[in-house]
Amino acid sequence: MAAVRVRQHVNPLSDKYRFLVEPPDWATVYGQLARPLHLDIGCGRGRFLFQMAEQQPAWNYLGLEIRQPLVTQALAHRDNNALANVHFIFCNVNTTLTALFANWPNCPLQRVSIQFPDPWFKKRHQKRRVVQPELVAELVTLMPLGSEVVLQSDVESVAVDMSDRFNEHPRFQRRSQHWEPESPFPAMTEREIMTLENRLPVFRSVFTLIDPATAEHG
């Protein structure tokens, strides 16, 4: 895929990005709608999902991205390669996630990944980070028991912050209290590849959605 010049930082709290997205007709988006769905939040150019679709073709993949030029490019690549199990949507996940699945009853959302999101280092900007309590609560309503959320960052403070937001919700259980030593995926994002090539650490955590009764008595 040819490179597209886009802004690296997009403020999700800007009025420009606080909009709802009309959900597509999912039955026309995916060739086989009943397949398990992997949602990648902040998918960038989509290269990770294209690799996943090739290596795990029994899944459907959905990438959400707030930078429209990247979505346009990813959709073109999908169409040029006739891929029936990958889709991309330009949206702000923090304003439109639930609405996206409003017309997909019993959506098989088995896996969510949030990988190397914009760190927003300055304290006054951290409210712009993608993982907020509201997003975590929305995912609980959309995901079935046993489904997983995978978090990755090359910035430890960001990984801690994301993990803390999921730890705070009683329905999510962290698989290990230590950072995961390896990615659970057979593919890597561009940022992950660059980080590992520079012999720098990646901070990973995996959460499972558990039964309400287990959460109450755990």
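Scroll up a little and you will see the structure.
From a predicted model like this one, the values you see are computed outputs, not experimental measurements. (Residues numbered from 1 in each chain as written. Predicted model: local features only at pLDDT ≥ 70, side-chain atom pairs only at ≥ 80, totals over all residues. Heavy atoms only, no water.)

Focus: the overall build of the protein chain
Thought 1: Counting its secondary structure elements, the protein chain contains eight helices and seven strands.
Thought 2: When the accessible surface of the protein chain is split by element, carbon and sulfur atoms take 51% of a total near 11,100 Å². (Helix = DSSP H or I, 4+ residues; strand = E, 2+ residues; numbered from the N terminus. Areas by Shrake-Rupley, 256 points an atom, 1.4 Å probe, with all protein chains shown as cover.)

Re a nonpolar patch on the surface
Thought 1: Among the surface-exposed residues, M188, I193 and L196 lie close enough to one another that they form a single nonpolar patch of about 210 Å² accessible area.
Thought 2: Along the chain, M188 turns up in the loop between strand 6 (172-174) and helix 7 (190-197). (Patch = residues over 30% accessible without salt bridge, like charges linked within 9 Å, V, L, I, M, F, W, Y side chains within 5 Å. Salt bridge = Lys/Arg side-chain N within 4 Å of Asp/Glu carboxyl O.)

Concerning the side chain of E138
Thought 1: Take E138: it is sitting in helix 5 (residues 133-142).
Thought 2: At a separation of 2.4 Å, a polar atom in the side chain of E138 contacts the side chain of T98.
Thought 3: E138 has contacts with V93, L97 and T98, leaving out every residue within four places of it along the chain. (Polar contact = N/O pair within 3.5 Å; in protein donor to acceptor, adjacent residues only side chain to side chain. Contact = heavy atoms within 4.5 Å.)

Side note on unusual backbone geometry
Thought 1: One non-glycine residue, N106, lies in positive phi territory at about 55 degrees.
Thought 2: Looking at the secondary structure, you find N106 in the loop between helix 4 (93-100) and strand 4 (109-115).
Thought 3: Even without a glycine there, the phi angle at R199 is positive, about 60 degrees.
Thought 4: Secondary-structure assignment places R199 in the loop between helix 7 and strand 7 (203-209).

As for the environment of P36
Thought 1: Along the chain, P36 turns up in the loop between helix 1 (26-29) and strand 1 (37-41).
Thought 2: You can call P36 partly exposed: its relative accessible area is 25%.
Thought 3: Residues P36 and W59 lie 23 residues apart in sequence; the distance between their C-alpha atoms is 5.2 Å.
Thought 4: Look past the residues within four positions of P36 in its chain and what remains in contact with it is A58, W59, N60, P108 and Q110. (Buried < 20%, exposed > 50% of the residue type's maximum accessible area, 1.4 Å probe, protein only.)

Structural notes on the nonpolar core
Thought 1: F101, I114, F166 and F172 are the most contacted members of the largest nonpolar core, which totals 37 residues.
Thought 2: Take this core: its biggest share by element is five residues, from helix 5.
Thought 3: Apart from residues lying up to four places away in sequence, I114 is in contact with I41, V130, V131, L135, V150, L151, Q152, M162 and F166.
Thought 4: The next biggest cluster of nonpolar side chains, apart from the first, holds 16 residues, and it includes L49, V71, F88 and F185. (Core = buried A, V, L, I, M, F, W, Y, C linked by side-chain atoms within 4.5 Å.)

What about the sheet that holds strand 2 (residues 60-65)?
Thought 1: A sheet is described by the order of its strands in space; here seven strands give the open sequence 3-2-1-4-5-7-6, paired in mixed fashion. This sheet does not close on itself; its edge strands, each paired only once, are strand 3 (86-90) and strand 6. Within this sheet the neighbouring strands show an average axis-to-axis angle of 20 degrees, counted without direction.
Thought 2: Strands strand 2 and strand 3 of the sheet are contacted by helix 3 (residues 68-80), whose axis makes an angle of about 160 degrees with strand 3. (Pairing = 2+ DSSP bridges. Axes fitted to C-alpha atoms, helices over the stretch in contact; angles between N-to-C directions.)

With respect to the environment of Y61
Thought 1: One can find Y61 in strand 2.
Thought 2: Y61 gets classed as buried once you look at its relative accessible area, which sits at 0%.
Thought 3: Every residue in contact with Y61, bar those within four places of it in the chain, is listed here: Y30, L37, H38, L49, M52, A53, Q56, N85, V86, H87 and R111.
Thought 4: At 3.0 Å, the side chain of Y61 forms a polar contact with the backbone oxygen of Q56.

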